[in-house]
Amino acid sequence: MVLTKRKLAHIVFESNDKASRTFDIVLLWLIFGSIIIAILDSVGELHLKYGRIFYMLELGFTFLFTLEYILRIWLTSKTLKYVTSFYGIVDLLAILPVYLSFFIVNSQLLSVIRALRLLRVIRILKLGRYLSEANFLRESLKASAAKIQIFLFSVLTIVLIMGTLMFVVEGPENGYTSIPVGMYWAIVTLTTVGFGDITPQTPVGQLLSSLIMLMGYAIIAVPTGIVSSEMAKRRNSEHFEQLKSCTYCGFDRLEPNDKFCRKCGQKTD
């Protein structure tokens, strides 16, 4: 069977038949394989023992991905649009690290960026039905952007004030050698991470530390509340848009699936 350019383009860019799905699944396993090789090669013991094998395998994967990238450029009718698109850039970045390894040591490890190419398999896994929910979340975050920016500015102000106070109270002798170091400690403490690499030694410093830790528990909940509130508003808005009214009594809170009016009992249209 001779593959025409049109048929080959359908196999590469679509996934609605057996040949297209097979191509995507093979590509998926190649991506997984190249990522696993890059991860294993980063382990010192395995690199010393199997480094050459890993490198040869990585060259093989890169050769196949390069052919695929060139094939996509040749098959698409909008070459510039593909090359400058998100997937086009990711496809290019997926093969560049190994070529850079000829000039820069260990840059082939950057090939883990191929994990981004797994985004292509959304169409294979039939996750398209979740895209509307993803858009819903994106719109909610976008609507919350101004509130979140104000929140982050407030947190930054707190971090600056507390970091400066700790620098003044504790001083270099207790590890707070500068205001940036104090701000680093404030961020770690405010987010309740608490690495423990810098700790206050004076009673006043410990008091400030206690206050900022308590403040952290209250602050963590704020972004969640902002986004959740916006999501609830949008969900309610969408819900009310789907409601219908009773033509008999005018009750306007009927669900789309209601066959009878909840208020008067009349059959709905």
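Residues numbered from 1 in each chain as written. Predicted model: local features only at pLDDT ≥ 70, side-chain atom pairs only at ≥ 80, totals over all residues. Heavy atoms only, no water.

**Student:** Lay out the overall build of the protein with the relevant residues and their values.
**Tutor:** On a plain count of helices and strands, the protein comes out with nine helices and zero strands. Taken from N to C terminus, the helices and strands of the protein fall in the order α-α-α-α-α-α-α-α-α. Among the 269 residues that make up the protein, the fraction classed as buried is 29%. A fraction of 53% describes how many contacts in the protein between residues 6 or more apart in sequence connect residues 24 or more apart. (Helix = DSSP H or I, 4+ residues; strand = E, 2+ residues; numbered from the N terminus. Buried < 20%, exposed > 50% of the residue type's maximum accessible area, 1.4 Å probe, protein only. Contact = heavy atoms within 4.5 Å.)

**Student:** So, helix α3 (residues 44-75): which residues are in play, and what are the values?
**Tutor:** At Tyr50, α3 shows its largest kink, close to 85°. Looking at the buried positions of α3, the neighbouring elements they touch are α1 (5-13), α2 (18-41), α4 (79-83) and α5 (86-100). (Bend = angle between axes of the 7 residues up to and from the residue.)

**Student:** Would you mind going over the packing of α2 against α3 in detail, with residue names and values included?
**Tutor:** It is the contact of α2 with α3, at a shortest axis distance of 9 Å, that shows an interaxial angle of 150°. The orientation of α2 with respect to α3, classified from their angle, is roughly antiparallel. Between α2 and α3 lies a crossing whose hand is left-handed. Note on element contacts: α3 touches α2 through Leu46, His47, Gly51, Phe54, Leu57, Glu58, Phe61, Leu64, Phe65, Glu68 and Arg72, opposite Phe23, Leu27, Leu30, Ile31, Gly33, Ser34, Ile37, Leu40 and Asp41. Here the residues of the contact of α2 with α3 sort into twelve nonpolar, four polar and four charged. (Axes fitted to C-alpha atoms, helices over the stretch in contact; angles between N-to-C directions. Parallel < 35°, antiparallel > 145°, perpendicular 65-115°, else oblique. Left-handed = near helix turned anticlockwise from the far one by under 90°. Nonpolar A, V, L, I, M, F, W, Y, C, P; charged D, E, K, R; others polar.)

**Student:** Describe the pattern of salt bridges, and please don't skip the residues or the numbers.
**Tutor:** In the structure shown here, the tally under the stated rule is one salt bridge. Across the pair Arg72 and Glu68 runs a salt bridge, and its minimum N-O distance is 2.5 Å. Of the two residues, Arg72 and Glu68 both sit in helix α3, four residues apart, roughly one turn of that helix. (Salt bridge = Lys/Arg side-chain N within 4 Å of Asp/Glu carboxyl O.)

**Student:** Any chance you could break down the nonpolar core for me, citing the residues and the numbers?
**Tutor:** Ranked by size, the top nonpolar core spans 13 residues in total, and within it Val155, Trp185, Ala186, Leu190 and Ile212 carry the most contacts. Breaking this core down by element, the ones donating at least two residues are α7 (145-170), α8 (179-190) and α9 (203-242). Broken down by element, the residue count for this core peaks at five residues, all from α7. (Core = buried A, V, L, I, M, F, W, Y, C linked by side-chain atoms within 4.5 Å.)

**Student:** Give me the lowdown on the packing of aromatic side chains, citing residues and values where you can.
**Tutor:** Within the structure shown, the criterion is met by four aromatic pairs. Aromatic side chains Tyr69 and Tyr82 sit 6.1 Å apart centroid to centroid with 45° between the ring planes, which places their arrangement in the tilted category. Taken together, the residues Tyr69 in helix α3 and Tyr82 in helix α4 connect sequence positions 13 residues apart. In this pair, the class of Tyr69 matches that of Tyr82, namely buried. (Phe/Tyr/Trp six-rings, centres within 6.5 Å; stacked < 30°, edge-to-face > 60°.)

**Student:** Please set out α2 residue by residue, giving values where relevant.
**Tutor:** Since the α-helix advances by 3.6 residues per turn, residues separated by three or four positions end up pointing in the same direction. Spanning 24 residues, α2 covers 34 Å between terminal C-alpha atoms, matching the ideal 34 Å at 1.5 Å per step. Close packing links the buried residues of α2 with α1 and α3. (Expected span 1.5 Å × (residues − 1).)

**Student:** Pulling in residues and values, what's your account of a nonpolar patch on the surface?
**Tutor:** A surface patch of nonpolar side chains, amounting to about 470 Å² of accessible area, comprises Ile25, Trp29, Phe32, Ile36 and Leu40. Looking at the element boundaries, Trp29 is found in helix α2. (Patch = residues over 30% accessible without salt bridge, like charges linked within 9 Å, V, L, I, M, F, W, Y side chains within 5 Å. Areas by Shrake-Rupley, 256 points an atom, 1.4 Å probe, with all protein chains shown as cover.)

**Student:** I'd like to hear about the layout of surface pockets, residue by residue, with values.
**Tutor:** Considering only enclosed or pocket space, the second largest pocket measures out at about 150 Å³ in volume. Lining the second largest pocket are 14 residues, with Trp185, Thr189, Gly194, Gly196 and Ile198 positioned closest to its centre. Of all elements in the fold, only α8 and α9 reach the threshold of two or more residues within the lining of the second largest pocket. (1 Å grid on protein atoms, 1.4 Å probe; cavity = no way out; pocket = protein on both sides within 12 Å on 5 of 7 lines; lining within 4 Å. Points joined across faces, edges and corners; volume = space filled by probe spheres on them.)

**Student:** Talk me through the packing of α1 against α3; I want residue IDs and the actual numbers.
**Tutor:** At their nearest, the axes of α1 and α3 sit 10 Å apart, and the two run at 125° to each other. In terms of axis orientation, α1 runs oblique to α3. Viewed along their axes, α1 and α3 form a crossing whose handedness is left-handed. Two secondary-structure elements touch here, α1 through Lys5, Leu8, Ala9, Val12 and Phe13 and α3 through Leu71, Arg72, Trp74 and Leu75. Classifying every residue of the contact of α1 with α3 by side-chain character gives seven nonpolar, no polar and two charged.

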